[in-house]
Amino acid sequence: MLKIPPSSKKLHKNFKSVIGHTMGYKNLQACVQDLLKHHQLLLFEEPVDPNLEVSAIQRRVCENRGPAILFTKVKNSPFPMLGNLFGTEERCHFLFRDTLDRVQQLFSLKADPTQLLKHPGQLLKLPRAALHLLPKKVKKGPILAHSIKIHQLPHQVSWPQDGGAFITLPIVYTESIAQPGLQHANLGMYRIQLSGGQYVPDEEIGLHYQIHRGIGIHQTLATEAKLPFRVNIFVGGAPALSVAAVMPMPEDMSELTFAGLLGGRRVPMIMGASPLPIYAEADFCIAGTVIPGKLLPEGPFGDHLGYYSLTHDYPVLKVENVYHRPGAIWPFTTVGRPPQEDSTFGKFIHELTAPLIPSVVPGVRRVHAVDEAGVHPLLLAIGSERYTPYKPLTEPQEILTQSLAILGQGQLSLAKYLFIAAQQDNPHLDLENIPAFFEHMLSRIDFRRDVHFQTQTTIDTLDYSGHGFNKGSKVVLAAVGLSKRKLATQLPSNLNLPNGFKNPRVILPGILGIEGATSQTTTDFCQVFKAHDPINQFPLIIIADNTNFLSESLRNFLWVTFTRSNPATDIDGIESFTQQKHWGCAGSLVIDARAKPHHAPVLMPDPAIEKRVDAWGVQGQPLHGII
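A brief report on the enclosed structure follows. (Residues numbered from 1 in each chain as written. Predicted model: local features only at pLDDT ≥ 70, side-chain atom pairs only at ≥ 80, totals over all residues. Heavy atoms only, no water.)

At a closest axis distance of 10 Å, the pairing of helix 3 (residues 53-63) and helix 19 (residues 607-616) adopts a crossing angle of 55 degrees. Regarding the angle of helix 3 to helix 19, the classification is oblique. The way helix 3 lies across helix 19 gives a crossing that is right-handed. On the side of helix 3, the interface is formed by Glu53, Ala56, Ile57, Arg59 and Arg60, while helix 19 contributes Ile609, Glu610, Arg612, Val613, Asp614 and Trp616. The class makeup of the residues in the contact of helix 3 with helix 19 is five nonpolar, no polar and six charged. (Axes fitted to C-alpha atoms, helices over the stretch in contact; angles between N-to-C directions. Helix = DSSP H or I, 4+ residues; strand = E, 2+ residues; numbered from the N terminus. Parallel < 35°, antiparallel > 145°, perpendicular 65-115°, else oblique. Left-handed = near helix turned anticlockwise from the far one by under 90°. Contact = heavy atoms within 4.5 Å. Nonpolar A, V, L, I, M, F, W, Y, C, P; charged D, E, K, R; others polar.)

Written as structure tokens, this is what we have:
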């Protein structure tokens with residue numbers, strides 16, 4: 001716990017008008033006051049540069065599970081910046097402590113309505129929560145108090161090769177021309193490029209969004225109707241709005257309803273002040289219209305896979321107004337190789353939505369998007385085999401159907417690798433225990449039968465392992481039944497590797513890492529072995545650039561293996577074959593996880609900036625004891 005330093009008393013007084021935390025936060029100022037009161041926020045009162053420095057500090061504080069941090073003196077901008085607000089799961093629970101139980105109750109009831117019969121006392125609490133679902137229409141609000149220009153905002157640059165300054169915690173509001181209005185509006189968190197590139201300063205900004213996003217549907221409808229596509233970008237406000245913007249909601253249901261439920265109060269939206277409603281308690285609002293037919297290069301940007309997303313053409317927003325409230329605070333985050341602050345977002349949302357999985361995809365018990373692998377590249381799942389309960393399980397059946405349903409669900413559809421097991425084989429199997437899950441899968445899977453590809457499909461916009469922009473492949477690996485093999489934990493004494501391959505390292509039971517020269521292919525490797533050779537005691541073999549790094553930690557194994565491979569092009573196998581257009585292998589499955597020429601650069605921090613951050617951590621400096 002942190003004590004509020006004496007120098008923070010002035011700022012503490014500035015927030016006295018928002019004291020009175022009763023049910024959720026009205027705005028970001030109330031949140032900051034509450035964090036100060038409970039010693040969960042550090043005031044950083046030395047001058048800092050939004051160009052690389054604030055991001056480096058935020059990453060280091062987040063890495064050490066430190067407090068939220070408010071930078072009160074930001075160079076080239078009059079606005080303080082708030083980082084690491086969602087940096088720990090404990091702080092997420094603290095921020096929503098008034099409402100979390102009710103949200104979870106509602107989600108549990110949707111998944112299993114019989115819970116209401118088992119615990120009827122819940123019914124008394126639910127109507128009060130339901131009152132917060134509907135946004136509140138208002139005529140005015142603090143957000144309209146001041147107007148400024150884009151260049152006056154904090155211009156955060158997170159990584160050395162970023163193409164300019166970006167908004168990293170935006171709340172992007174759009175409406176469908178087919179169903180306008182608050183009830184069907186979309187909130188999304190899509191990065192916004194404020195400067196750099198070919199944008200006209202103060203007049204244009206870049207609007208990036210990935211595929212499978214609600215904003216894309218809205219823009220398509222407006223374009224087809226030849227109508228203006230208007231966008232409002234909110235920054236700040238109650239923390240519930242930020243969580244709602246990344247919440248996987250049905251297309252016909254607005255995230256504003258969930259924000260009200262999680263925030264414990266109706267979301268006030270100003271009607272009539274601009275073509276689109278404006279969130280009254282936002283700290284900032286950028287209002288504009290997408291320029292029809294105009295695309296400009298957006299990026300590069302250091303992204304959540306741990307690599308740069310490269311420069312691509314994206315829509316351009318013509319800026320019409322920039323508003324800010326009195327005492328406005330600029331919240332921000334930094335993304336990069338997981339875990340980062342957005343990892344906590346993912347875990348928190350998974351915690352909320354986990355009860356809904358069985359109702360959304362019948363038969364599926366749990367799904368886990370592995371953060372260390374960049375979230376989208378790797379999914380683990382536990383399903384059910386109910387088709388033939390009268391005989392023992394011998395091969396995947398229903399879980400194959402369930403795997404297709406999983407890959408058809410919203411952002412889950414961006415996954416490249418899906419490993420799915422049957423609950424009946426081990427009712428206590430835990431998806432969070434990744435080594436145990438892989439051991440369960442590899443001891444049961446039959447690579448002759450249980451590997452299923454989609455070879456020409458879409459993948460994450462930010463993933464450059466595929467064969468083109470947004471283009472790649474997927475693979476489902478399914479396993480049921482009794483254990484088929486014992487997994488090796490030590491190298492075979494008689495292991496002989498072909499020329500160009502060296503430095504074998506045991507990663508996990510049954511998983512072997514081997515370094516491969518760039519001149520050697522996985523075919524060169526696989527054709528040397530037969531299915532009865534000792535190397536097959538490791539049913540999964542990873543070909544990597546550096547097996548010392550690969551084997552150093554589970555985190556490294558997951559990141560390298562699943563961010564640097566495209567299933568259809570990078571999976572091979574010992575004694576592989578194709579039969580009736582089905583691919584399989586009699587021996588070990590081999591994944592080529594070496595860096596390829598078309599891959600994006602790895603994120604590397606600026607050494608000089610890192611030294612400056614180190615200096616803030618010595619005794620007598622504001623980050624001493626935190627980093």
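This part is about the sheet that holds strand 13 (residues 278-279). Hydrogen bonds along the backbone pair up the strands of a sheet, which may run parallel or antiparallel. As summarised here, the arrangement of the three strands in space is 4-12-13, forming an open sheet in which the pairing is mixed. With one partner strand each, in any of the chains shown, strand 4 (136-138) and strand 13 form the two edges of the open sheet. Alignment of strand 4 against strand 12 (residues 268-270), held across three bridges, turns out to be parallel. Across the sheet, the residue bridging to lysine 136 is proline 268, located in strand 12. (Pairing = 2+ DSSP bridges.)

With that settled, the discussion passes to unusual backbone geometry. Geometrically, the link from glycine 299 to proline 300 is a cis peptide bond, its omega value of -5 degrees lying close to zero. Relative to the helices and strands, proline 300 resides in the loop between strand 14 (284-298) and strand 15 (301-302). At the junction of proline 338 and proline 339, the peptide bond is cis and its omega measures out at 0 degrees in the coordinates. Positionally, proline 339 belongs in the loop between strand 18 (330-332) and helix 11 (341-353). Positive phi is not limited to glycine here, since aspartate 202 has a value of about 70 degrees. With respect to the element layout, aspartate 202 can be found in the loop between strand 9 (192-193) and strand 10 (204-207).

Glancing now at the nonpolar core. Grouped together as the largest cluster of nonpolar side chains are 60 residues, with contacts concentrated most on Leu41, Leu82, Leu95, Tyr173, Phe234, Val243 and Phe258. Ranked by residue count, the leading element in this core is helix 2 (residues 28-37), at six residues. Beyond its immediate chain neighbours, meaning those up to four positions away, leucine 82 contacts Leu28, Val32, Leu41, Ala68, Ile69, Leu70, Ile329, Trp330, Pro331 and Phe332. Counting 46 residues, the second largest nonpolar core, distinct from the first, contains Ile69, Leu153, Val319 and Leu623. (Core = buried A, V, L, I, M, F, W, Y, C linked by side-chain atoms within 4.5 Å. Buried < 20%, exposed > 50% of the residue type's maximum accessible area, 1.4 Å probe, protein only.)

Before going further, it helps to spend a moment on the pattern of salt bridges. Applying the stated criterion to the full structure yields 18 salt bridges. When the shortest N-O distance is used, the salt bridge between arginine 59 and glutamate 610 registers 3.9 Å. Within this pair, whereas arginine 59 is found in helix 3, its partner glutamate 610 is found in helix 19, the two being separated by 551 residues in sequence. Look at arginine 59 and you get buried, because its relative accessible area is 10%. A residue is classified by how much of its surface remains accessible, and glutamate 610, at 19% relative accessible area, is buried. Notably, a salt bridge pairs arginine 594 with aspartate 592, separated by 2.9 Å at the nearest N-O pair. Among the residues examined, arginine 594 registers a relative accessible area of 5% and is labelled buried. Through salt bridges that share partners, Arg59, Arg60, Glu610 and Asp614 make up one connected network. (Salt bridge = Lys/Arg side-chain N within 4 Å of Asp/Glu carboxyl O.)

Taking strand neighbours across the sheet as the criterion, the four strands line up as 1-2-3-18 in an open arrangement whose pairing is mixed. Edge strands, defined here as strands with exactly one partner in the open sheet, are strand 1 (41-44) and strand 18. The average angle at which neighbouring strand axes cross in this sheet is 25 degrees, direction not considered. Judged from the three bridges that link them, strand 3 (residues 81-83) and strand 18 form a sheet pairing that is parallel. Paired with leucine 82 across the bridge in strand 18 is proline 331. Running at roughly 100 degrees to strand 1, helix 2 makes contact with strand 1, strand 2 (68-71), strand 3 and strand 18 of the sheet.

The subject of this paragraph is the pairing of strand 23 (residues 471-479). Within strand 23, eight of the nine residues are buried, leaving the element largely enclosed by the surrounding structure. With five bridges connecting them, strand 21 (residues 417-422) and strand 23 associate as parallel partners. If you follow isoleucine 420 over to strand 23, its bridge partner there is alanine 478. Where strand 22 (residues 451-458) and strand 23 come together, six bridges link them in antiparallel fashion. Within the sheet, the bridge partner assigned to glutamine 454 lies in strand 23 and is lysine 474.

Let's shift gears to helix 17 (residues 554-563). For helix 17, the tally of buried residues reaches eight of ten residues, placing the bulk of the element in the interior. Within helix 17 the residues assigned to the buried category are Asn556, Phe557, Leu558, Trp559, Val560, Thr561, Phe562 and Thr563.

What the rule picks out here adds up to 22 aromatic pairs. Ring geometry for phenylalanine 453 versus tryptophan 583: centroids 5.9 Å apart, planes at 80 degrees, classification edge-to-face. Here phenylalanine 453 is found in strand 22, whereas its partner tryptophan 583 is found in strand 29 (residues 582-585), with 130 residues between them in sequence. For phenylalanine 453, a relative accessible area of 27% gives the class partly exposed. Overall, tryptophan 583 belongs to the buried group, its relative accessible area being 17%. Taken together, the ring pairs in this structure connect Tyr417, Phe419, Phe438, Phe557 and Phe562 into an aromatic cluster. The ring of phenylalanine 94 has arginine 97 sitting right over it, with the charged end atom 4.0 Å from the ring centre. The ring of tryptophan 559 is capped by arginine 564, whose NZ or CZ atom sits 4.9 Å from the centre of that ring. (Phe/Tyr/Trp six-rings, centres within 6.5 Å; stacked < 30°, edge-to-face > 60°. Lys NZ or Arg CZ within 6 Å of the ring centre and 35° of its normal.)

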